[in-house]
Amino acid sequence: MADNSKRESVAVNRRSFVKGAFGAGMLGMLSLAGLTGCSPKSASSEDIDGGTFDIVIIGAGGAGMTAAISAHDAGAKVILLEKMSVAGGNTVCAEGGMNACCTKIQAEEGIEDSVELFANDTFVGGHNLGDMDLINYMCENSNAALERLAERGMNLTRLSTSGGASVKRIHRPEDGGAVGAYLVRHMCERCAERGIEAVTQMEVKDIVTDESGAISGVRAVNLRTGASTLFKAKAVILSAGGFGANHEMLAQYRPELLEAVTTNHPGATGDGIVMAEAIGAGLVDIEQIQVHPTVEQSTSILLSEGIRGDGAILVNSEGNRFTNELLTRDVVSANEWAQPGGWAYAIFDHEVYKANTSIEEKFVKRDLVVIADTLEELSQNIEVNPESFMAALTAYNDAIANGQPDPMGREKSRNPIVNAPFYAVKVAPGIHHTMGGVRINTKAEVLTDAGEPIPGLFAAGEVTGGIHGGNRLGGNAICDINVFGHRAAESAVEYVGVSA
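In this text, all values refer to a predicted model and were calculated from it rather than measured experimentally.

1. Details of the overall build of the protein
So, step 1. Each helix and strand counted, the protein has 17 helices and 19 strands in total.
So, step 2. By the compact-globule yardstick of 23 Å for 500 residues, the protein fits well, its C-alpha radius of gyration being 23 Å.
So, step 3. Once the C-alpha set of the protein is aligned to its principal axes, its extents read approximately 75 × 40 × 40 Å.
So, step 4. Within the protein, buried positions represent 60% of all 500 residues.
So, step 5. Long-range contacts, defined here as pairs at least 24 residues apart, represent 75% of the contacts in the protein between residues at least 6 apart.
So, step 6. Approximately 18600 Å² of the protein is accessible, and the part contributed by carbon and sulfur atoms is 48%.
So, step 7. Looking at the protein, you have 39 positive and 63 negative side-chain charges, and the mean spots of the two groups are 6 Å apart.

2. Considerations on helix 7 (residues 142-151)
So, step 1. Among all positions of helix 7, only Ser142, Asn143, Ala145, Leu146, Arg148 and Leu149 are buried.
So, step 2. Just beyond helix 7, the residue with positive phi is Gly153, at close to 85°.

3. Considering the side chain of Asp349
So, step 1. Tracing the backbone through its elements, the reader meets Asp349 in strand 14 (residues 344-349).
So, step 2. Comment: no salt bridge for buried Asp349; closest opposite-charge side chain is Lys354, at 8.5 Å.
So, step 3. What Asp349 contacts, discounting residues up to four positions off in sequence, is Pro416, Ile417, Val418, Asn419, Pro421, Phe422 and Tyr423.

4. Re the pattern of salt bridges
So, step 1. Tallying each qualifying case throughout the model produces 21 salt bridges.
So, step 2. A salt bridge links Asp47 to Arg219; its shortest N-O distance comes to 3.0 Å. Of this pair, Asp47 sits in the loop between helix 2 (14-23) and strand 1 (48-58) while Arg219 is found in strand 8 (residues 215-222), placing the two residues 172 residues apart along the sequence.
So, step 3. Take Asp47: its relative accessible area is 14%, and that puts it in the buried class.
So, step 4. Linked by salt bridges that have partners in common, Arg321, Glu325, Asp406 and Arg410 make up one network.

5. Considerations on the packing of helix 5 (residues 115-125) against helix 6 (residues 132-140)
So, step 1. One way to put it is that helix 5 packs onto helix 6 with a least axis distance of 9 Å and a crossing angle of 135°. In terms of orientation, helix 5 lies oblique with respect to helix 6. Our pair here, helix 5 against helix 6, has a crossing hand that is right-handed. For the pair formed by helix 5 and helix 6, the contact residues are Val115, Phe118, Ala119, Thr122 and Phe123 on the first element and Met132, Ile135, Asn136, Met138, Cys139 and Glu140 on the second.
So, step 2. For the contact of helix 5 with helix 6, the per-class residue count stands at eight nonpolar, two polar and one charged.

6. Digging into the packing of helix 7 against helix 17 (residues 476-496)
So, step 1. The N-to-C vectors of helix 7 and helix 17 enclose an angle of 90°; their axes lie 9 Å apart at closest approach. Here helix 7 is positioned roughly perpendicular relative to helix 17, judged by the angle of their axes. Listed contacts from helix 17 to Ser142, Ala145, Arg148 and Leu149 of helix 7 are Cys479, Asn482, Val483 and His486.

7. Remarks on the state of the cysteines
Working definition: the covalent bond between the sulfur atoms of two cysteines is a disulfide.
So, step 1. Applying the stated criterion to the full structure yields zero disulfides.
So, step 2. Cys102 provides the cysteine sulfur closest to Cys101, a residue in no disulfide bond, and the two sulfurs are 3.9 Å apart.
So, step 3. Here Cys191 stays free of any disulfide, with the sulfur of Cys188 as its closest cysteine sulfur at 6.5 Å.
So, step 4. When its relative accessible area of 0% is taken as the criterion, Cys191 is described as buried.

8. Some points on unusual backbone geometry
So, step 1. Ala420 connects to Pro421 through a cis peptide bond whose omega is -5°.
So, step 2. Non-glycine residue Gln201 carries a positive phi angle of around 55°.
So, step 3. Here Gln201 falls in the partly exposed class, since its relative accessible area comes to 27%.
So, step 4. Although it is not a glycine, Ser413 sits at a positive phi angle of roughly 50°.
So, step 5. The residue Ser413 is located in the loop between helix 16 (386-401) and strand 16 (422-434) in this model.

9. Things to note about the pairing of strand 11 (residues 289-296)
So, step 1. Burial analysis of strand 11 places eight of its eight residues in the buried class, which makes it a mostly covered element.
So, step 2. Bridge analysis of strand 11 against strand 12 (residues 301-302) gives two bridges, and the strand direction is antiparallel. Paired with Val295 across the bridge in strand 12 is Leu302.
So, step 3. In this structure, the hairpin formed by strand 11 and strand 12 is closed by a connection of four residues, where Ser300 is found at a positive phi of approximately 65°.

10. So, helix 16
For the α-helix, the turn length of 3.6 residues means that residues three or four positions removed from each other point alike.
So, step 1. With 16 residues, helix 16 should cover 22 Å at 1.5 Å per step; its first-to-last C-alpha distance of 22 Å lies within 8% of that length.
So, step 2. Listed in full, the buried residues belonging to helix 16 are Phe389, Ala392, Leu393, Tyr396, Asn397 and Ala399. Down the axis of helix 16, the buried side of the element spans an arc of 160°, and every buried residue falls inside it. Those residues of helix 16 that are exposed and angled more than 90 degrees off the buried face are Glu387 and Ala401.
So, step 3. Buried residues belonging to helix 16 abut strand 13 (313-315), strand 14 and helix 15 (375-381).
So, step 4. Of the residues trailing helix 16, Gly403 is marked for its positive phi of about 65°.

11. Notes on the confidence of the model for the protein
So, step 1. Of all residues in the protein, 91% attain a pLDDT of 70 or more, and the chain-wide mean is 90.
So, step 2. Counting interchain partners and residues more than four positions distant, the pLDDT-below-50 stretch residues 1-16 has 26 contacts.
So, step 3. Counting contacts from residues 18-43, a segment whose pLDDT is below 50, to residues more than four positions away or on other chains yields 60 contacts.

12. A short note on the pairing of strand 9 (residues 228-238)
So, step 1. With eight of its eleven residues buried, strand 9 lies for the most part within the structure.
So, step 2. Strand direction decides the pairing type here: strand 1 and strand 9, joined by nine bridges, are parallel. Its bridge partner lying in strand 9, Gly51 is registered against Phe231.
So, step 3. Summarising the sheet, strand 8 and strand 9 pair through five bridges and their orientation is antiparallel. Bridging from a neighbouring strand, Ala220 pairs with Thr229 of strand 9.
So, step 4. Connecting strand 8 to the next strand, strand 9, in antiparallel fashion are five residues, including Gly226 with a positive phi near 80°.

13. So, the packing of aromatic side chains
So, step 1. Following the criterion strictly, the structure yields seven aromatic pairs and no others.
So, step 2. With a centroid separation of 5.3 Å and an interplanar angle of 90°, the aromatic rings of Trp343 and Tyr345 are classed as edge-to-face. The same class applies to Trp343 and to Tyr345, which are both buried.
So, step 3. Here the aromatic cluster, defined as three or more aromatic residues joined through ring pairs, consists of Phe348, Tyr353 and Tyr423.
So, step 4. Positioned above the aromatic ring of Phe53 is the side chain of Lys77, whose terminal nitrogen or guanidinium carbon lies 5.0 Å from the ring centre.

Reading the values: the criteria
Residues numbered from 1 in each chain as written. Predicted model: local features only at pLDDT ≥ 70, side-chain atom pairs only at ≥ 80, totals over all residues. Heavy atoms only, no water. Helix = DSSP H or I, 4+ residues; strand = E, 2+ residues; numbered from the N terminus. Rg over C-alpha atoms; globule rule 2.2 N^0.38 Å. Buried < 20%, exposed > 50% of the residue type's maximum accessible area, 1.4 Å probe, protein only. Contact = heavy atoms within 4.5 Å. Areas by Shrake-Rupley, 256 points an atom, 1.4 Å probe, with all protein chains shown as cover. Lys, Arg positive; Asp, Glu negative; His and termini not counted. Charge placed at Lys NZ, Arg CZ, Asp CG, Glu CD. Salt bridge = Lys/Arg side-chain N within 4 Å of Asp/Glu carboxyl O. Axes fitted to C-alpha atoms, helices over the stretch in contact; angles between N-to-C directions. Parallel < 35°, antiparallel > 145°, perpendicular 65-115°, else oblique. Left-handed = near helix turned anticlockwise from the far one by under 90°. Nonpolar A, V, L, I, M, F, W, Y, C, P; charged D, E, K, R; others polar. Disulfide = S-S within 2.5 Å. Pairing = 2+ DSSP bridges. Expected span 1.5 Å × (residues − 1). Arc of directions from axis to C-beta. pLDDT = per-residue confidence, 0-100. Phe/Tyr/Trp six-rings, centres within 6.5 Å; stacked < 30°, edge-to-face > 60°. Lys NZ or Arg CZ within 6 Å of the ring centre and 35° of its normal.

This is the structure in structure tokens:
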């Protein structure tokens, strides 16, 4: 084919790649994509030659870009292939922060944490289903991942609390903004600065193997032209995300979720899982699907768990508090579904508003929040029983003021709701994270059901299973993508035998 045609197919437009991250938050407005993937195929004479690389990375979300930066810095020639029109994946939707233990930020605040405590919280929060080898690896390397982000210009220096955590360990951007958009913006910039090749609207259909079963590349379809392109490589890092936007696939395991709203971007359709399974990858915990308790239903916008971590409480349609707001997401969601109508209001004051800039951007500007100068006025505006509402708020605030136990058993982040104005956001559970996926080991190698590595295939992020068990703790996804995105790069670089 002509040289200019090839360049058009595979060359990265670095400016648009960076700019794309800023538009990634709009992905939720697009229609959902269908599940893709088919059996592996050998090279075809009809394929356009996309070039030869050391490593092809499928998916330009947080895990994929982490892997790309780390692999590039280690000397590998890499390319990122992203089926959506912008980078970011589900990472751009992340609101809270990154869990990490034994960090400088924790030490500065006098927080005593340990790998063992972090790992135990993760295992117990996941209903004792997670793989302890993977959990321990993530926790042991969490601080190094946080420091690596800082070295790359991404500083998560504000400490907060999330559900299921024994101590403060969720690290957030200092300005209180959403962690996902912050990281994606900077990761796109780091990729562009390095000249890492990346192509959007390039949907990988097959992972190609040679006669021995080892990886030899991928076949992708250019969604702009419809052309099939073969990218040759000795290794593939699979970072294509989960299937939280594929309701048909979700309903195979949780039929009651068929009509539920989802916080996932529309590209989260399980493609990578299907492609990996087609060449022999084993799956783990595939039926484990998480719902998040605080999702605005008309827009599917997530109200960050960090907002509850900073002091927000939940009341039902009658104005009554009904749960410890910092229990794990599955428990809070179940408690919420048990309320009249299956929904609740998240109630917080101006101190929480000031600490979370996403409230203004995602809720106030969209007129999704009720604001009042007094709690009494707020109860009237949201049409709950004012006596019940004021009793619930008074009991919560008085327990804090008097050093008494919380009526709902909340022990952490008990901040009084006393500083006007006051805010209420109507929320209900929504599909948030798929914990199951392809089976990996601590080298991020993709394994068969028999536990054997598929030569040259590595994976990181929500496409994998085994780390989060039956429930993911808030803050663990950002930790996961950074720890295992880097680990996949390390292992792939070692496999292909390159050096910086």
